[in-house]
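# Structure at a glance
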Amino acid sequence: MTVFRRVVSRLFFTGWFASSAALIASSAWAQAPLPPEIAARSYLLLDLTSNQTLAERDADAPAEPASLTKLMTAYVVFTALQDKKLTLTQPIAVSRRAWEERKGGGSLMFIDTTMTPTVDELLNGMIVQSGNDASVALAEAVGGTLDQFVAMMNRQAQAWGLKNTHFKNVTGLTEAGHTSTARDLAVIASHIIRDHPKEYGYYSVKDYKYNNISQPNRNLLLRRDPSVDGMKTGYTEAAGYCLIASAQREYPNLGAGGVGDGAGGGSRRLLSVVLNTVSMEARANESQKLLNWGYAAFETVRLFDAGKPVTRVPVWQGKAAQVALGAQGGVFVTMPRGEGSKLQTRIERTEPLIAPLAKGQRVGTIKVSTAAGTPVAEVPLVVLAPVEIAGVFSRTWDALRLWIK
C-alpha cells in the first residue's frame, strides 16, 4: 500500500536570489530600517526585483491620480500595439473632441483637427509632454469612443484586482469617482515595466518636440539621477504634485535576473510612488529620498536561478530514475542590509513521486526563513523536466517495492 507523505529537507547556502515567491518578508524583519520622513500625503516604495514593498504610508488611501491616470491609458494602448490592432507608424485623425482638451486647462501636445500624428508621436505627446489631447486621440483610435476605452481601462484594473481604482476619463482631470491609491498605481506602473519593457523606453525621453513646440519631461529626476529611467508625473489642484519614479542600479553580486535590465545581469530596480506633495521640486526631492534610502538600507539577494535544479529526487514507475526539482522563475528576496547572507531554506515535498510527471508540475514548496526561523518567503517547488511513465514490468516492480516500503 502506497502512503503519500511530506518530506522536509534543508538547504543551507550563501549567495543571492528571487521572483515567484509568496513573500512574507516585511514581517520577518526584526528591526526594519526606518524610512526617511517623506513630505507627501501618501507614498510607497517597491523593490521590483523581489516584488517586495520596502516602505509605505497610507498606500491604500483614496487619492486623485491626476495624470498618473495616463499610465493605464498607455498600458491599454501598448497592449493594442502588441495585439497588432494598430502600429506605431499609423496616422491618427485628430477629432474635435481631442482638440477641445485645450479648453480644459491641462497639459497639451497641441494637436488640432488638421493634423494626422502617428501613434508613435501621440505616445510621446501623452507620456513625455503629458498631453491630454494626445491621450484622447489614442483612446479614440483604440476604443472607438472614450467611454469604450475607459471601460477597457477599468476591466484591466479589475483583472489585476485593483479594488480601490476606478477610472472616469483617460487624462486624469478631476471628476467625481475618478480615484486610485499609491499601491494600485504601483501595480499599474510595474505592469508597464514587466509586460511592455520596450515601450517603457518612452518614459526616459527628456524632451519632445512636435509641431515646432518643444516641451521637457516634467520628471526632474531624469536629469538629476542617471539611474532613474522613468516614469510619470501628475498634477491637479485636488491631487497636488505627484510622481512615480523608477530607478535601476547595478550590483555585481546580484547576478542575472533583474527586472527590466535588458542585458540581463546585476541590476536591482526600485519604484517609488509619491502622492500629493506641494510642488514639482518637492515631489522630485521626496522621490529621490525614498529611492536612495531603499538602495542604501536594503539588499536584494538571489537564492535560485530560474530553471536550475534545487534538488534531485527518486521517481517511481517512471522511465527516469530521478527528477530535477526547482523554482520556475528566479527567486529573489529583499532584506535589511547585512541580513541576506543569514537566510535559510528548506524543502517540503510530496513523497513518493510517481510518474508521469509534467514539466512545471508543483510537487512541494521551498520555504525561506531567517536564522531565527521567522518565515520570509514561500516558493512553489516544481518539476523541471517531464518524466514519462515506464513500461508494465517496471511499473509493476516499483508498485511492489512501494507496497513493501
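Up top is the structure these notes are about.
In this report, the structure presented in the accompanying data block is examined. (Residues numbered from 1 in each chain as written. Predicted model: local features only at pLDDT ≥ 70, side-chain atom pairs only at ≥ 80, totals over all residues. Heavy atoms only, no water.)

Once that is clear, we can look at the overall build of the protein chain. In terms of regular secondary structure, the protein chain is built from ten helices and 16 strands. Each of the 405 residues in the protein chain was classed as buried or not, and the buried ones make up 52%. Accessible surface, the protein chain: about 17,700 Å² in total, of which carbon and sulfur atoms supply 53%. (Helix = DSSP H or I, 4+ residues; strand = E, 2+ residues; numbered from the N terminus. Buried < 20%, exposed > 50% of the residue type's maximum accessible area, 1.4 Å probe, protein only. Areas by Shrake-Rupley, 256 points an atom, 1.4 Å probe, with all protein chains shown as cover.)

Before going further, it helps to spend a moment on the packing of helix α2 (residues 70–82) against helix α5 (residues 132–143). Contact geometry for α2 and α5: axes closest at 10 Å, N-to-C directions at 40°. Regarding α2 and α5, the two cross each other, and that crossing is left-handed. When α2 is examined against α5, the residues Lys70, Thr73, Val76, Val77 and Ala80 are found in contact with a partner set consisting of Asn132, Ser135, Leu138 and Val142. The residue makeup of the contact of α2 with α5, split by class, is five nonpolar, three polar and one charged. (Axes fitted to C-alpha atoms, helices over the stretch in contact; angles between N-to-C directions. Left-handed = near helix turned anticlockwise from the far one by under 90°. Contact = heavy atoms within 4.5 Å. Nonpolar A, V, L, I, M, F, W, Y, C, P; charged D, E, K, R; others polar.)

Below, the discussion takes up empty space enclosed by the protein. If you roll a probe as big as a water molecule over the atoms, it shows you where there is empty space left. Counting across every chain of the model gives one cavity of 30 Å³ or more. Space inside the largest cavity adds up to approximately 40 Å³. Together, Ile127, Val128, Ser130, Asn217, Arg218, Asn219, Met231, Lys232 and Thr233 line the largest cavity. A per-class count over the lining of the largest cavity returns three nonpolar, four polar and two charged. (1 Å grid on protein atoms, 1.4 Å probe; cavity = no way out; pocket = protein on both sides within 12 Å on 5 of 7 lines; lining within 4 Å. Points joined across faces, edges and corners; volume = space filled by probe spheres on them.)

Turning to the environment of Gln82, a few remarks are in order. Secondary-structure assignment places Gln82 in helix α2. In this structure Gln82 comes out as partly exposed when scored by relative accessible area, which is 49%. In this structure, the C-alpha to C-alpha distance between Gln82 and His196, residues 114 residues apart in sequence, is 8.7 Å. Apart from residues lying up to four places away in sequence, Gln82 is in contact with Asp195 and His196.

Among the nine residues in strand β7 (residues 228–236), seven count as buried, and that is most of the element. The loop that links β7 with its antiparallel partner strand β8 (residues 240–250) comprises three residues. (Pairing = 2+ DSSP bridges.)

With an omega of 5°, the peptide bond running from Ala355 to Pro356 counts as cis. Turning to its location among the elements, Pro356 is positioned in the loop between β14 (344–351) and β15 (362–369). The phi dihedral of Asp58 is positive, around 50°, even though this residue is not glycine. Topologically, Asp58 is positioned in the loop between β4 (52–57) and α2.

We now examine the sheet that holds β8. Strand order in this open sheet of five strands is β4-β3-β9-β8-β7, and the pairing throughout is antiparallel. Every interior strand has two partners, whereas the edge strands, β4 and β7, have only one. For this sheet, the mean inter-axis angle between neighbouring strands, taken without regard to orientation, is 10°. Direction of pairing for β8 relative to strand β9 (residues 267–277): antiparallel, over a ladder of nine bridges. Each bridged residue has a counterpart across the sheet, and for Ser246 the counterpart in β9 is Leu271. Across the sheet, helix α9 (residues 280–297) lies against β3 (42–47), β4, β7, β8 and β9, angled at about 145° from β9, the strand it touches most.

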